[in-house]
Amino acid sequence: MKLVTPAKGTIEVSKEKDPDLFYLARCGLGGLGVVAEVTLQCVERQELVEHTTVSNIKEIKKNHKKLLSENKHVKYLHIPYTDTVVVVTCNPVSKWKGPLKFKPKYTKDEALQHLRDLYRESLKKYRADVMTAKSPDGTEPDINELSFTELRDKLLALDPLNKEHVIKVNQAEAEFWRKSEGYRVGWADEILGFDCGGQQWVSETCFPSGTLAKLSMKDLEYIEELKQLIEKEDIPAPAPIEQRWTARSQSVMSPAYSSVQDDIFSWVGIIMYLPTMDARQRKEITDEFFNYRHLSQKQLWDQYSAYEHWAKIEVPKDKEELAALQARLRKRFPVDSYNKARKELDPNRILSNNMLEKLFPLSDTI
């Protein structure tokens, strides 16, 4: 790549040419220079077969190694307060042995029926708040026109922090996935894209999971502990808890960095939706989400060496919290090397911003 830097002008870095700076800059996100040109290794575009099935944690434990070893892409959607795990695998059509035309067991309408019924039933209960379900012009939306994620948003908007209500929505979502099992074929970009609904808060952590040959099973233990925590603390946690896996990264500022070629990493995302425009309600959801995230961090992150991507961190306002965060980031990322490169390439901090100054301060003062 070519970096335009304040101190050294345009420089070129690669695996062969200044590899240390190259691997820092690959996940340096503009902090070391403006990326003006990139040469990427491309592959042929691929058609993928996506297979969606519904399982449970007991079955997953038995099949986990096989699922990760035999599929190019694997995603689990864990549904809080249920035992449901939605398993989504994707593989190139070229390696697919089965037929490419599949007749689903249920129609789209049948799959959505449980959610629609719950919405109608809930509307009666929350009659006073029916206005929240109306469109901007004041008319009631036709629920038969709504997609799965739109329906889920409408349902959650009725009482987003009521645990019992959220559990019912989660159970309806589990039923939706049970009736959505089957196959889909398409280009990689459309298959791997995922409609995750409207506005939301998300915290995604990444942690080591062993190798494909020798899984640590820490990835499933993490989820079990997280689900127990949700139930113990009565968190109104909606679905899904999304879990994926990647190979290691050689970019030293990546949360999935490893020097060991075979290492794999699990990524787990927790979520809370913001299905309302009411400012007070949005603040309450935001506060509840950060409580959910804080409890997860306290109980799980250090134990599993789990880290959020540093560029997605909400910088704490509290000085002690900030100091603890800075110390924690130093355990995972080569902060001194990154800062040394920043000082050399951008001594006047032209490329810096508040986030970089707070997370990776160039001096001891916070």
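In this text, all values refer to a predicted model and were calculated from it rather than measured experimentally. (Residues numbered from 1 in each chain as written. Predicted model: local features only at pLDDT ≥ 70, side-chain atom pairs only at ≥ 80, totals over all residues. Heavy atoms only, no water.)

Between A239 and P240 the backbone carries a cis peptide bond, its omega angle lying at -5°. The backbone phi angle of D18 is positive, close to 60°, even though this residue is not glycine. Residue D18 is classed as partly exposed on the basis of its relative accessible area, which comes to 42%. For Y81, which is not a glycine, the phi torsion comes out positive at approximately 65°. (Buried < 20%, exposed > 50% of the residue type's maximum accessible area, 1.4 Å probe, protein only.)

Right, let's get into the sheet that holds strand β2 (residues 9-12). With antiparallel pairing, the three strands of this open sheet are ordered in space as β2-β1-β3. Each end of this open sheet is capped by a strand with a single partner; those strands are β2 and β3 (34-37). Neighbour-to-neighbour, the strand axes of this sheet turn through a mean angle of 35°, independent of strand direction. As paired elements, strand β1 (residues 2-5) and β3 share three bridges and run antiparallel to each other. Its bridge partner lying in β3, K2 is registered against E37. (Pairing = 2+ DSSP bridges. Helix = DSSP H or I, 4+ residues; strand = E, 2+ residues; numbered from the N terminus. Axes fitted to C-alpha atoms, helices over the stretch in contact; angles between N-to-C directions.)

Right, let's get into the packing of aromatic side chains. Under the defined criterion, the tally for this structure stands at 16 aromatic pairs. Between the aromatic rings of F148 and F176, the centroid separation amounts to 4.1 Å while the plane-to-plane angle is 5°, which identifies the pairing as stacked. Note that F148 is positioned in helix α4 (residues 148-158) and F176 in helix α5 (residues 163-178), a separation of 28 residues in sequence. A ring pair is formed by F176 and W177, whose centres lie 5.2 Å apart and whose planes are at 70°; its orientation type is edge-to-face. When sorted by exposure, F176 lands in the same class as W177, which is buried. Taken together, the ring pairs connect W201, F289, F290 and Y292 into an aromatic cluster. Lying over the aromatic face of W187, R45 brings its terminal NZ or CZ to 3.4 Å of the ring centre. R328 extends its terminal NZ or CZ atom over the ring of Y307, reaching a point 4.0 Å from the ring centre. (Phe/Tyr/Trp six-rings, centres within 6.5 Å; stacked < 30°, edge-to-face > 60°. Lys NZ or Arg CZ within 6 Å of the ring centre and 35° of its normal.)

Moving on: the side chain of D346. Relative to the helices and strands, D346 resides in the loop between α10 (335-345) and α11 (354-359). Despite its burial, D346 pairs with no opposite charge; the closest candidate is R342, at 6.1 Å N-O. Looking at D346, its side chain comes within polar contact range of the main-chain nitrogen of I350, at 2.8 Å. At a separation of 2.8 Å, a polar atom in the side chain of D346 contacts the main-chain amide nitrogen of L351. Excluding residues that lie within four positions of it along the chain, D346 makes contacts with P6, A341, L351 and S352. (Lys, Arg positive; Asp, Glu negative; His and termini not counted. Salt bridge = Lys/Arg side-chain N within 4 Å of Asp/Glu carboxyl O. Polar contact = N/O pair within 3.5 Å; in protein donor to acceptor, adjacent residues only side chain to side chain. Contact = heavy atoms within 4.5 Å.)

Attention now moves to the domain arrangement of the protein. Accessible area lost during the coming together of the parts is what is often quoted as the interface size. The domains assigned to the protein are domain 1 (2-41 + 316-359), domain 2 (108-179) and domain 3 (202-314). If you average the C-alpha positions of domain 2 and of domain 3, the two centres end up 26 Å apart. Counting residues at the interface gives 11 residues for domain 2, matched by 13 residues for domain 3. Between domain 2 and domain 3 lies a buried interface of about 1100 Å² when both sides are counted; carbon and sulfur atoms form 66% of it. Considering only the side of domain 2, the residues that lose the most area to domain 3 are P160, L161 and K163, jointly responsible for 45% of the buried surface there. For the pair domain 2 and domain 3, the number of links is one salt bridge. (Domains from an automatic or database assignment. Buried area = accessible area lost by both parts, 1.4 Å probe.)

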